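Given next are the chains, with one letter for each unit.
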Amino acid sequence: MRLVVPLRGIVGGRGGLILGTFVPCALFCYLHIRRLRFLATRRVSERAEPIAKAEESPYYVGLGRVSQDPFDEVANPNGIIQLGLSENRLCLDLIEEWLSENLNGAMIGHGSDKGHLGIGGITGYQPHDGVTELKEAMAGFMSQVMGGEISFDPSRIVLTAGATPAIEILCFCLADPGDAFLVPTPYYPGFDRDMTWRTGVELIPVHCHSANNFILSIAALQQAFNQARKRGQRVQGILISNPSNPVGNLLPQKTLHDILDFARKKNIHIISDEIFAGSIHGNEEFFSLAKILDAENFDKSRAHILYGLSKDLSLAGFRVGVIYSYNDDVLAAAKKLTRFSSVSAPTQRLLISLLSDTSFIGRYLETNRKRIRKMYDIFVSGLKEIGVKYVDSSGGLYCWVDMSGLMHSHNVKEELELWDKLLNVAKVNATPGSACHSIEPGWFRCCFTTLSEGNIRIAIERIRKVAEMRKSSR
Amino acid sequence: MRLMLSGKATCNSHGQDSSYFLGWEEYEKNPYDQTRNPQGIIQMGLAENQLSFDLLESWLSENQDIAGFKRNGKSIFRELALFQDYHGLPEFKKALVQFMEEIRGNKVSFDPNKIVLTAGATSANETLIFCLAEKGDAILIPTPYYPGFDRDLKWRTGAEIVPIHCTSSNGFKITARALERAYQEAQNRNLKVKGVLVTNPSNPLGTTMTQAELDLLMDFIIEKQIHLVSDEIYSGTVFSSPNYTSIMEVLSKYEKAEVWDRVHVVYSLSKDLGLPGFRVGAIYSNNDSIVAAATKMSSFGLVSSQTQYFLSALLSDKKFTKNYISENKKRLKKRHASLVSGLQNAGISCLESNAGLFSWVDMRHLLKSNTFKAEMELWEKIVYDVKLNISPGLSCHCSEPGWFRVCFANMTEETLEIAIQRIKAFVESVSRGHDKAIGGKKCLNINLRKKFSKWVFRLSFHDREAGER
């Protein structure tokens, strides 16, 4: 009521006091009613209102800018080069070739009715969580992806329309509104949206540092858990991504053992997002949570694995995600929830054929790894040339790059200024670490599997120019 | 110490009604097959349109390129494989709205920018409720209604459904009094009413709403300042007069009014095109906030780009859609007439209907007493003795016992004939005073009765995999 004083001064005396109280109150009421009316006329629910708003995270803003002004070597050479989308465009030709040899123009081609054009069998209602044949083919595929050492049980698979609903469904099954998951940082920006929007669940970041290669420490987990408990918040689980996004490192076996042990002691769940398991290009050994559980005598009922075909098979548009759970109650609940997010029947039919062709899949996975490695090598040698550091990683479609050398000071504000410069001046979209909740400013995720070799070089050149500009402006 | 799951995962009350799904279970144990199991249970509880596959198949055989991811001879596989934009494939949205316009006799026009694609109408309805209501808010729905709403609209959203009771006295039409009563009931329960949800054409009634009902609804939502959701999933199945009037037609008179952005339509290709497995649904709204929020939420249930592309080609073929719409209606009309006349010969009447894939059948005269207990007893006999899976009115929240939904579009003409014969035989035996308990005394089995009481009068944790509506 700061207005009261000057008004009092103007009018003076008792009249001023009354006016000085009345006017601000009236103003406040008027503005409040206007806001209510505004909300009322907009008529969207309170929980949907923030969702309806435009995205503010640089992760989404960058993607949006690229779609308005996308780089094209011929048509738009001054457009923005996309390094912010972890998509793999390197092996689609292999699938295209497979399609032309195996489908004979039909949208289905499976077993005994290979090449048959019939639409029967895929039009009607299917089990919401996917047809058995696809679950079987998926179990086999996942096994191939993980090197053939683990076998997956098709009856523990729940298929969803992409990994996005998979993780949301798992959250709905494991946590009530107000509960929390511990998530090591930096993490995929989409988790903030996918896991919390409609579930009411919260994410508690557990910070990882460059000093130990961004590998999660149990001490940090413990601290985060204790702090949550002090606040009276119930932690229901830990979410890890392995290979990690955005860093691209693989969790060591010991770390996984320690995490499982921690989960057991605290009696919480563990979700392992392994969507990049088939995109491992380095020589490090990959330990899927399934592999650890297979080998050791851990209590499996708290473990769940997320997977999907968007990254390893580049089929993001086909919407195929997987929840693999060792907990029967979770499976039962998740299956029911897939009614809201089922895989489209023609897509299921196509994938049964594709994934069952194990010799093609074997060749595909090997070629895919080689091509990703090639691009990775080109990209990091480019970074080396321009004196920019990065984390040496083994998995994923991206590189975790340290651009703090291009910053004048070491804080988030500077990082975002650099991001802006890269996006709008250099015309390169990379995801700033702050969008991934990184505790150390200056890190950027750069995806390199959507570009040709030549375009990677152009991107590096543009980053170099920014580096030079920054050096000269110091 | 027990590992904790969420309340939603462990609750038993996510709207799964017993009787509706128990019939399914029995059917699946003993499904009718013309050659292999002619004594099995005939499925008449599945509202699926299987009458016009041949039209889809012949289109497919003439357009193989489309299924092979080709456009004008050129492969667009790459483009489709990577396409995950929640705004949807523009060519599909355009084709879909044009199809929706065609179904409505081109009396309304739809803007492709106002449509949100979802993985089926199930997802569309849930998403819309997330956008319109908070946890604990109420949606008013006329009874009888599709049993799946109890699950789809309430489970994750936390919303409540308050029924608008409609009765046979006026053909189950919505009245001003019923609307007002429902609103009052919500208030008495301290529930904030956010909107009314209607299915037009109606499931399970198979009728289209009259102009009077539509105007009544508009007046009601204007007065109460609430939303209206019109689930028009059966709009393409209107096979006889009166002509279909979509809420969008009525809304066109209110373009400058405040209510303009409080009316929303849900659609799907599951019924009209008989493609429930494809998982294609849509929300249509003039409200940009709702379109914005729903678009983003559709990330949790996008339509496969492969499917979008295929359907954009199918629906853009005007020659196909024109022929399909009219031929499909003819077949539905004929099949409906077979069922209705067959039932009439057995002394059973149906609510006069002009749409949908089912009839709302009046078996009140076959009840031992005018109670839901008697309805359940009759239903047991029909499932176990007559060997027909039909849906009891109780499962649809009908306020009067004795009504059943019987589907006719998910079987061959021959199978329907057999079903009618079975009903006729049953009715004759009832009128002769015998109770033909074929297959032993299953329905008198005490354990089974107990199971029924538990199931009918207390929601239980059971799901059906196959679909619904």
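Residues numbered from 1 in each chain as written. Chains lettered and ligands numbered in written order. Predicted model: local features only at pLDDT ≥ 70, side-chain atom pairs only at ≥ 80, totals over all residues. Heavy atoms only, no water.

If you check an unreviewed UniProt entry, chain B appears there as 1-aminocyclopropane-1-carboxylate synthase from Eucalyptus globulus. The UniProt entry for chain B carries this comment under Pathway (unreviewed entry): "Alkene biosynthesis; ethylene biosynthesis via S-adenosyl-L-methionine; ethylene from S-adenosyl-L-methionine: step 1/2." Taken verbatim from the UniProt record of chain B, the Catalytic activity (unreviewed entry) comment is "S-adenosyl-L-methionine = 1-aminocyclopropane-1-carboxylate + S-methyl-5'-thioadenosine + H(+)". (UniProt positions renumbered as here; feature names shortened; annotations may be inferred.)

Where an unreviewed UniProt entry is consulted, chain A appears under the name Aminotransferase class I/classII large domain-containing protein, with the organism given as Eucalyptus globulus. For chain A, the Sequence similarities (unreviewed entry) comment in UniProt is given as "Belongs to the class-I pyridoxal-phosphate-dependent aminotransferase family."

Draft legend 1. Expanded view of the domain arrangement of chain A. Residue and element names in this part refer to chain A. Domain annotation of chain A identifies domain 1 (4-41), domain 2 (55-92 + 362-472) and domain 3 (111-360). Across the domain 2 to domain 3 interface the summed buried area is about 3300 Å²; carbon plus sulfur atoms make up 54%. For domain 2, the biggest contributors to the area lost against domain 3 are Y364, S394 and H437; these three give 19% of the whole. Joining domain 2 to domain 3, the criterion identifies zero salt bridges. Within the residue set of the side of domain 2 that touches domain 3, elements represented by two or more residues are α4 (58-68), α14 (358-385), β10 (398-402) and β13 (443-447). (Domains from an automatic or database assignment. Buried area = accessible area lost by both parts, 1.4 Å probe. Salt bridge = Lys/Arg side-chain N within 4 Å of Asp/Glu carboxyl O. Helix = DSSP H or I, 4+ residues; strand = E, 2+ residues; numbered from the N terminus.)

Draft legend 2. Expanded view of unusual backbone geometry. The step from A:N242 to A:P243 runs through a cis peptide bond, and the omega angle for that step is 0°. Along the chain, A:P243 turns up in the loop between β5 (235-241) and α10 (253-266). Cis geometry marks the peptide bond from B:S241 to B:P242; its omega dihedral reads 5°. Position of B:P242 relative to the elements: it lies in the loop between β8 (227-231) and α11 (247-251). A positive phi is found at A:N213, a non-glycine position, where the angle reads about 60°. Positioned with a positive phi, B:H397 is a non-glycine residue whose angle comes to about 65°. Here B:H397 shows up in the loop between β14 (391-392) and β15 (403-407). B:H397 gets classed as partly exposed once you look at its relative accessible area, which sits at 30%. (Buried < 20%, exposed > 50% of the residue type's maximum accessible area, 1.4 Å probe, protein only.)

Draft legend 3. Up close: the side chain of A:R339. If you trace the backbone, A:R339 turns up in the loop between α12 (328-337) and α13 (345-356). We classify A:R339 as buried; its relative accessible area is 0%.

Draft legend 4. Seen up close, the UniProt feature "domain: Aminotransferase class I/classII large" (unreviewed entry) in chain B. Taken from the UniProt record, the annotation "domain: Aminotransferase class I/classII large" (unreviewed entry) applies to residues 42-423 of chain B. The distance from the first to the last C-alpha atom of residues 42-423 of chain B is 11 Å, and the span holds 41% helix and 15% strand.

Draft legend 5. The packing of helix α13 (residues 305-316) of chain B against helix α14 (residues 318-345) of chain B, seen in detail. Residue and element names in this part refer to chain B. As a packed pair, α13 and α14 sit with axes 5 Å apart at the nearest point and diverge in direction by 75°. The angle between α13 and α14 falls in the class roughly perpendicular. Taken together, the residues of α14 that come into contact with α13 (itself represented by L314, L315 and S316) are K318, F320 and T321. (Axes fitted to C-alpha atoms, helices over the stretch in contact; angles between N-to-C directions. Parallel < 35°, antiparallel > 145°, perpendicular 65-115°, else oblique. Contact = heavy atoms within 4.5 Å.)

Draft legend 6. Broad picture of the confidence of the model for chain B. For chain B, per-residue confidence averages 90 on the pLDDT scale, and residues scoring 70 or more make up 90% of the total. Reported confidence for the predicted complex is 0.91 by ipTM and 0.91 by pTM. (pLDDT = per-residue confidence, 0-100.)

Draft legend 7. Seen up close, the interface of chain B and chain A. Contacts between the two partners involve 83 residues from chain B, matched on the other side by 81 residues from chain A. When chain B packs against chain A, the two sides together hide about 7100 Å² of surface, and 58% of this comes from carbon and sulfur. Counting the surface chain B buries against chain A, the share from its top three residues, B:L3, B:R156 and B:F300, is 12%. The interface formed by chain B and chain A holds two salt bridges in total. The salt bridge involving A:E168 is made with B:R156; its shortest N-O contact spans 3.8 Å. The interface formed by chain B and chain A holds 28 residue pairs in polar contact (both at pLDDT 80 or more) in total. (Polar contact = N/O pair within 3.5 Å; in protein donor to acceptor, adjacent residues only side chain to side chain.)

Draft legend 8. Layout of the environment of B:S230. All names here are of chain B. Residue position: S230 is located in strand β8. A sequence separation of 33 residues divides S230 from L197, and the C-alpha atoms of the two residues are 6.0 Å apart. In contact with S230, not counting residues within four places along its chain, are V198, N200, I247, H264, V265 and V266.

Draft legend 9. A look at the sheet that holds strand β5 (residues 138-142) of chain B. All names here are of chain B. Strand order in the open sheet formed by seven strands is β4-β10-β9-β8-β7-β5-β6, and the pairing between neighbours is mixed. The open sheet has two edge strands with one neighbour each: β4 (115-118) and β6 (160-164). Ignoring which end each strand starts from, the neighbouring axes of this sheet average 25° apart. Sheet analysis places β8 next to strand β9 (residues 263-268), joined by four bridges and oriented parallel. Along β9, the bridge assignment pairs S230 with V265. Its contacts with the sheet put helix α6 (residues 90-103) on β4, β9 and β10 (281-285), and the angle it makes with β4 is roughly 105°. Packed onto the sheet, helix α9 (residues 176-188) meets β5, β6 and β7 (193-199) and runs at close to 145° relative to β6. (Pairing = 2+ DSSP bridges.)

Draft legend 10. Fine view of the pairing of β10(A). Residues and elements named next belong to chain A. Burial runs high along β10: five of the five residues are buried. Alternating residues of β10 divide into Y398, W400 and D402 and C399 and V401, and every residue in both groups is buried. Here β10 pairs with β13 via five bridges, running antiparallel. Within β13, the position partnered with V401 by the bridge is F444.

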